[in-house]
Amino acid sequence: MDERFNPEFSAALLGFNGEAVVYCKGISDIVAQEYAIEYTRMLQNRAKGVEAQLPRIPAGLFEPNRNLIRSTLERMWEKYFPKK
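Throughout what follows, the structure given in this document is the object of discussion. (Residues numbered from 1 in each chain as written. Predicted model: local features only at pLDDT ≥ 70, side-chain atom pairs only at ≥ 80, totals over all residues. Heavy atoms only, no water.)

1. Points about the nonpolar core
Put simply, the rule is: Among the buried residues, those of types Ala, Val, Leu, Ile, Met, Phe, Trp, Tyr and Cys that are joined through side-chain atoms within 4.5 Å form a nonpolar core. Burial classes: relative accessible area under 20% of the type maximum marks a residue as buried, over 50% as exposed, and values in between as partly exposed (1.4 Å probe, protein chains only). What counts as a helix is a DSSP run of H or I of at least four residues, what counts as a strand is a run of E of at least two, and both are numbered from the N terminus. Residues count as neighbours in contact if any of their non-hydrogen atoms are within 4.5 Å of one another.
In this structure, Phe 16, Tyr 23, Leu 43, Ile 69, Leu 73 and Phe 81 are the most contacted members of the largest nonpolar core, which totals 21 residues. At the level of elements, α1 (7–25), α2 (30–47) and α3 (63–80) are the ones that each hand at least two residues to this core. If sequence neighbours within four positions are ignored, Phe 16 has contacts with Thr 40, Leu 43, Gln 44, Leu 73, Met 76, Trp 77, Tyr 80 and Phe 81.

Below is the structure:
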């Protein structure tokens, strides 16, 4: 998909990015915030059709927090990029 010529895709990506940035900035723990930013980048690549690996899990980021970050960002992503 060539997102440069697809206004619907561009609008969805901008909407997702805007919402994800607000969410990531609202995370007070810096380790968790950095993980959320990396996870957001992975989802942006997924939207563009680029295969991307899950981000490395940093030391000190425990599973409940990691799962919350992932599920929140996945829900945001699905809102802008629904499965067809």
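Next, the rest of the story.
2. Some details on the packing of α1 against α3
Formally: Convention adopted: a line fitted to C-alpha atoms gives each axis, helices being fitted over their contacting stretch, and angles between N-to-C directions are expressed from 0 to 180 degrees. Oblique is the label for any angle not under 35 degrees, not over 145, and not in the 65 to 115 range, which are roughly parallel, roughly antiparallel and roughly perpendicular in turn. Note on convention: the crossing is left-handed when the near helix lies turned anticlockwise from the far helix by less than a right angle, right-handed when the turn is clockwise. Basically, the charged four are Asp, Glu, Lys and Arg, the nonpolar ten are Ala, Val, Leu, Ile, Met, Phe, Trp, Tyr, Cys and Pro, and anything else, Gly included, counts as polar.
Relative orientation of the contacting elements α1 and α3 amounts to 155°, with a least axis distance of 9 Å. With respect to α3, the axis of α1 lies roughly antiparallel. In this structure, the crossing between α1 and α3 has a hand that is right-handed. Side by side, α1 and α3 meet where Ala 12, Gly 15, Phe 16, Glu 19, Ala 20 and Tyr 23 of the first sit next to Leu 68, Ile 69, Thr 72, Leu 73, Met 76, Trp 77, Lys 79 and Tyr 80 of the second. A breakdown of the residues in the contact of α1 with α3 according to their chemical character gives ten nonpolar, two polar and two charged.

3. Details of the packing of α1 against α2
Two elements in contact, α1 and α2, have axes whose closest approach is 10 Å; the angle formed by their N-to-C orientations is 170°. The orientation of α1 with respect to α2, classified from their angle, is roughly antiparallel. On α2, the residues that touch Phe 9, Leu 13, Phe 16, Asn 17, Ala 20, Cys 24 and Lys 25 of α1 are Gln 33, Ala 36, Ile 37, Thr 40, Leu 43, Gln 44 and Ala 47. Grouping the amino acids of the contact of α1 with α2 by side-chain chemistry returns nine nonpolar, four polar and one charged.

Such coordinate-based values are descriptive only and should not be taken to indicate function.
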